[in-house]
Amino acid sequence: MTAKTKFMRLESEIERYRNDSCWIRASELARQLSSKSSELEYYEQFTLAESHLEEYLKENPPIEKNSSKARAHLADAEKQLTLVGRAKNKLSLDANLLLAKINYCQGQYEAALDLFDERVNLDGLATKEFATTRQLQIVAESFAIKGMCIEKVGPSSTSKFRVAEQEEKIISCYEKAGDLALLYLQERDRTGSSSSSGVSPSPTPSNPQEDSLGMILETALQQSPILYIKRGNLEKGVNRFRDLLRVVESRFTQGLRQTLARQLAEVLLRGMCENSYIPIGAVLKPTTLSTNSLQPRKYSGDRQFVPKDENEEALLLLLIAEAIATREAVLNRTEEHDEARLHSFMNTTAVFDLLAVALVKRAQFNKLSESFERAMRFSFEEFHIWHQFANSLICAGKYSRALLVLKECSRLKPQNCTVLLQGAKLCYEYLHQYMEGILLSEQALKCLTDDHPLCARVHVSLGIGYSLAAMEMRLQVDRQDYNKKSLSAFTRAHMYDPSDYLALFHLALQLAIHRQINDAIKNVRLALRYRNDHIHSLHLLVLLLTAQKQFDEAISLLNAALEEYPENLSLMLTKSRLEEILYGPEQALATCKHMLQLWKELYEVDTEEAVTDVRSTRRPTATDRTQFDRRSFAQLQLSELNERDTGSLRAESIAASRVEQTMSEVASSLNSTFQPRPGSQQTWLLQAQIWLHLAELYLTLDKMSEAEACVVETSAIFPLSHQVAFMKGRVLEHKLKYNEAKLCYEDAISINPGHTKSLQHLGMVLHQLENDKMAEKILMDAVNTDPVSHESWYLLGLVLETLDQDDAATDCHTTALELEASSPTVPFTVIPRLMQ
């Protein structure tokens, strides 16, 4: 009795360690069994052989290249399991199933199938109860192995019916293996990883690797839906994925659920469209429960969220996968966790890449940037995630943060000049940190050799930085120095890539700004030869033709460009200016009214949808992507329209926009009657620019009430704008109310000291008020702000005449005539400095 009791205790302990996959401990206990009884001898041999097999598979996955190694290392285990399997005892079933597993590892697929067919009724095991969770796992693996062996052996005939029959068998084996595997994990979770005999769980902490299913079962689980899809049965494949994901979650299924969710999301994003989408509602309807008790438990109930289309379902799956990936990420950076951390990171990266695809399709860049921000906790020194984070921040309009992230990307990969160019672009186009952009461009240039394909674009970036920085310089010497550097950089860019239209365009623009009109026309025509649809080159050529007073050719080219880009408001505004000169303000007024109608058609829908988004949690529609594209288009045109009338883009203009924004925020916080319009403020700024131009046209026609109405409309949108204050001053000046006009111009200059038009008109108002000394000072500031503005020189000459400074006045008038001869109808500075 004592020996029997001791055996039962040892057997219980061994079974507990087998269920917990603690093979070393199970082997140690098995060696304590005495050899007095043949049953005990079989039990010892079986446990040692099983432990040896499982320990071997931890280091050597069962793949074809390891077959010869398996034959050498598993020979003893094979002999032991053969002896146990032929004996008639309670271990025979498990021994034969493990023997088939060894044959599979050794590449002996037909021998494994023979074992399943001759010694084991495998199909009958799918419905029986099992004594332990370990036996359930072995049977699940056996179904998976049988399916893999059938797949390896191939069909016995080329008949399509035989092939289809074999494919059905393989899928059936994989489905049974998957169901039993999930049931096994649920049982392990329910019993606390202890044996079914009721023994308390081991105090020894389990290895995280032993909480996974293993390569064989994971392959079977993932292959069953994939095989359906490969056979062309997309509906069954998708429904199988959904069925697996509906299984009640356990602590052992986290990684598996993440993989399945990612795979199904990938199928939905890449293999389905709106017309081929299979609704999920039918899958979630209550079905008759199977009499098979060996099915994994699944979630059921009526109060469940059901996605309505493929985008919603894919996004839901990816958010689930992201939540699991973020929670289960391996953070330990010690050497022994390197492999696990790399595996976890690769799976997580795949999830985030798909999430980027799903959210970008819906233009949900804020959500995407938030997801990547959560990924930062396990993305130390990982360039790909950091770069994706930067891109999402750029698309979300968070440019300052994006620049910081791009600098970190540059630190991770110092030789990657692309991220440096991205950072420079942000500095130039959004942050107005021109010197910082120049430093990034110079850093990018140091990374490249002379034969690198990006050399030309890096020099273009450098030239843009020098050109924009020149406009910030107050001293003429510094301004000329930076302009010279800019011209040199664009010239070198053209030398590195003679067919680069962008280098030629910027070279032409730089020459145009400095009134080298003939050379500018030559280069812009060459740019159009390499890319004839480049809208900014077309626009620049129109302005160059107006500078040469070739108005007919300019209007013809402008009409041709508008046929190609009929919705471009910047081109239309230039057309209105040309029509005012050629045909009179009435026709220009008609064009301007058409611009307002076009703005309404293009952008008012976007604004209304923005209001709807704020007031309700509507489901995104298929137009979200289109609306985002329109907002991007509006932003692009804004860069052309902004500061159109100043003739300058100096730092004061940048500071002005920040002052206006701050004043608007303060006004809103003080419960002022002014509240910002809903939707994109950039879109509203476009409309404000159109109203201001309308007001100018009405003033030309001497229609004061209409001009005042336009100013009122603009003031309702941006009451604290310096351009609104300037236009109010224009109306008052037209009414000969010089003192009131003077106050408006002073308000505009206090917000934007570099607004050339305000300086010019303030100077003339002071001149009308007979304060010529102060008018001289103001007009000198206007000349210093924009030295190539012929209006400023002309007005300064008039004031100097009044002050009896005839020589100085003559010089001013001469300079004005020289500049006027090469001045375009619209300032060249309306053409944006873009890096792409």
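Shown above is the structure to which this text applies.
Residues numbered from 1 in each chain as written. Predicted model: local features only at pLDDT ≥ 70, side-chain atom pairs only at ≥ 80, totals over all residues. Heavy atoms only, no water.

Asks: Could you clarify how one ought to interpret the overall build of the chain in this entry?
Replies: In terms of helices and strands, the chain carries 38 helices and 0 strands. Relative to its full complement of 836 residues, the chain shows a buried share of 53%. Considering only contacts within the chain whose residues lie at least 6 apart along the sequence, 68% involve residues at least 24 apart. For the chain, the exposed surface amounts to about 39,000 Å²; the carbon and sulfur share of it is 52%. (Helix = DSSP H or I, 4+ residues; strand = E, 2+ residues; numbered from the N terminus. Buried < 20%, exposed > 50% of the residue type's maximum accessible area, 1.4 Å probe, protein only. Contact = heavy atoms within 4.5 Å. Areas by Shrake-Rupley, 256 points an atom, 1.4 Å probe, with all protein chains shown as cover.)

Asks: Can you help me understand the environment of Leu213 in this one?
Replies: Along the chain, Leu213 falls in the loop between helix H9 (160–190) and helix H10 (215–230). Non-local contacts of Leu213, meaning those with residues more than four positions away in its chain, are made with Gln137, Glu141, Ala181, Tyr184, Leu185, Glu218, Leu221 and Leu256.

Asks: Just checking my understanding: could you explain the packing of helix H22 (residues 476–496) against helix H23 (residues 501–513) for this structure?
Replies: At a minimum axis separation of 9 Å, H22 and H23 run at an interaxial angle of 150°. One finds that H22 runs roughly antiparallel with respect to H23. Seen from above, H22 lies across H23 with left-handed handedness. Contacts from Asn483, Ser486, Leu487, Phe490, Thr491, Ala493 and His494 of H22 reach H23 at Ala503, Leu504, His506, Leu507, Gln510 and Leu511. Taken together, the residues that form the contact of H22 with H23 break down as 7 nonpolar, 6 polar and no charged. (Axes fitted to C-alpha atoms, helices over the stretch in contact; angles between N-to-C directions. Parallel < 35°, antiparallel > 145°, perpendicular 65-115°, else oblique. Left-handed = near helix turned anticlockwise from the far one by under 90°. Nonpolar A, V, L, I, M, F, W, Y, C, P; charged D, E, K, R; others polar.)

Asks: I tried to follow a negative patch on the surface on my own but got confused; where do I start?
Replies: Judged by side-chain charge, Glu801, Asp804, Asp806, Asp807 and Asp811 come together as a negatively charged surface patch. Examining the composition of the negative patch, we find that 3 residues originate from one element, helix H38 (residues 806–821), more than from any other. Within the element layout of this structure, Glu801 appears in helix H37 (residues 790–802). Given the relative accessible area of 38%, Glu801 is considered partly exposed. (Patch = residues over 30% accessible without salt bridge, like charges linked within 9 Å, V, L, I, M, F, W, Y side chains within 5 Å. Salt bridge = Lys/Arg side-chain N within 4 Å of Asp/Glu carboxyl O. Lys, Arg positive; Asp, Glu negative; His and termini not counted. Charge placed at Lys NZ, Arg CZ, Asp CG, Glu CD.)

Asks: I'm lost on the packing of aromatic side chains in this one. Help?
Replies: Working definition: an aromatic ring pair is given by the centre-to-centre distance plus the angle between the planes. Inspection of the entire model under this criterion finds 5 aromatic pairs. Aromatic pair Tyr466 and Tyr482: ring centres 5.9 Å apart, planes at 55°, arrangement tilted. Residue Tyr466 is located in helix H21 (residues 455–472), and its partner Tyr482 is located in helix H22; the two are separated by 16 residues in the primary sequence. The buried category is assigned to Tyr466, whose relative accessible area is 10%. With a relative accessible area of 15%, Tyr482 lands in the buried category. Over the face of the ring belonging to Tyr17 we find Arg16, whose NZ or CZ atom lies 4.9 Å from the ring centre. Against the face of Tyr482 rests Lys485, its NZ or CZ located 5.2 Å from the ring centre. (Phe/Tyr/Trp six-rings, centres within 6.5 Å; stacked < 30°, edge-to-face > 60°. Lys NZ or Arg CZ within 6 Å of the ring centre and 35° of its normal.)

Asks: Would you mind going over the packing of H10 against helix H12 (residues 254–271) with me for this structure?
Replies: How two helices pack is summed up by the angle between their axes together with the distance between the axes. Two elements in contact, H10 and H12, have axes separated by 10 Å at closest approach and are oriented at 15°. By the angle between their directions, the pair H10 and H12 is classed as roughly parallel. Crossing of H10 against H12: the hand is right-handed. Residue-level contacts link Leu221, Gln222, Ile226 and Ile229 of H10 to Leu256, Thr259, Leu260, Gln263 and Val267 of H12.

Asks: Is there a simple way to explain the environment of Ala527 in this structure?
Replies: Along the chain, Ala527 turns up in helix H24 (residues 517–530). Linking Ala527 and Leu538, residues 11 residues apart in sequence, is a C-alpha distance of 9.5 Å. If we skip the residues at most four places from it in the chain, Ala527 touches Tyr501, Leu504, Phe505 and Ser537.

Asks: Teacher, can you tell me more about unusual backbone geometry here?
Replies: The general pattern is negative phi for most residues beyond glycine and trans for most peptide bonds. The phi dihedral of Ser21 falls on the positive side, at around 60°, and the residue is not glycine. As for its placement among the helices and strands, Ser21 is situated in the loop between helix H1 (2–19) and helix H2 (23–30). One non-glycine residue, Arg515, lies in positive phi territory at about 65°. Along the chain, Arg515 turns up in the loop between H23 and H24.

Asks: What's the story with helix H17 (residues 383–395) in this structure? I'm lost.
Replies: Under the 1.5 Å per step criterion, the end-to-end length of H17 is 18 Å for 13 residues, consistent within 8% with the ideal 18 Å. The buried fraction of H17 amounts to 10 of the 13 residues, a majority that puts the element mostly inside the structure. Taken together, the buried positions of H17 are Phe383, Ile385, Trp386, His387, Gln388, Phe389, Ala390, Ser392, Leu393 and Ile394. Directly after H17, the chain includes Gly397, whose backbone phi takes a positive value near 80°. (Expected span 1.5 Å × (residues − 1).)

Asks: Looking at this structure, I do not really get H2. What am I missing?
Replies: Residues that lie three or four places apart on an α-helix share one face, since the helix turns once every 3.6 residues. All of the buried residues in H2 are Trp23, Ala26, Ser27, Leu29 and Ala30. Mapping the buried residues of H2 onto a view down its axis gives an arc of 165°, with all of them on the same face. (Arc of directions from axis to C-beta.)

Asks: Please explain the pattern of salt bridges as it appears in this structure.
Replies: A side chain of one charge can pair with a side chain of the opposite charge when the charged atoms of the two come close. Inspection of every chain in the model, using the stated rule, returns 37 salt bridges. Arg18 is paired through a salt bridge with Asp94; the nearest N and O atoms lie 3.9 Å apart. Remark: Asp94 occurs in helix H6 (residues 92–105) and Arg18 occurs in helix H1; sequence separation between them is 76 residues. For the pair shown, Arg18 and Asp94 are each scored as buried.

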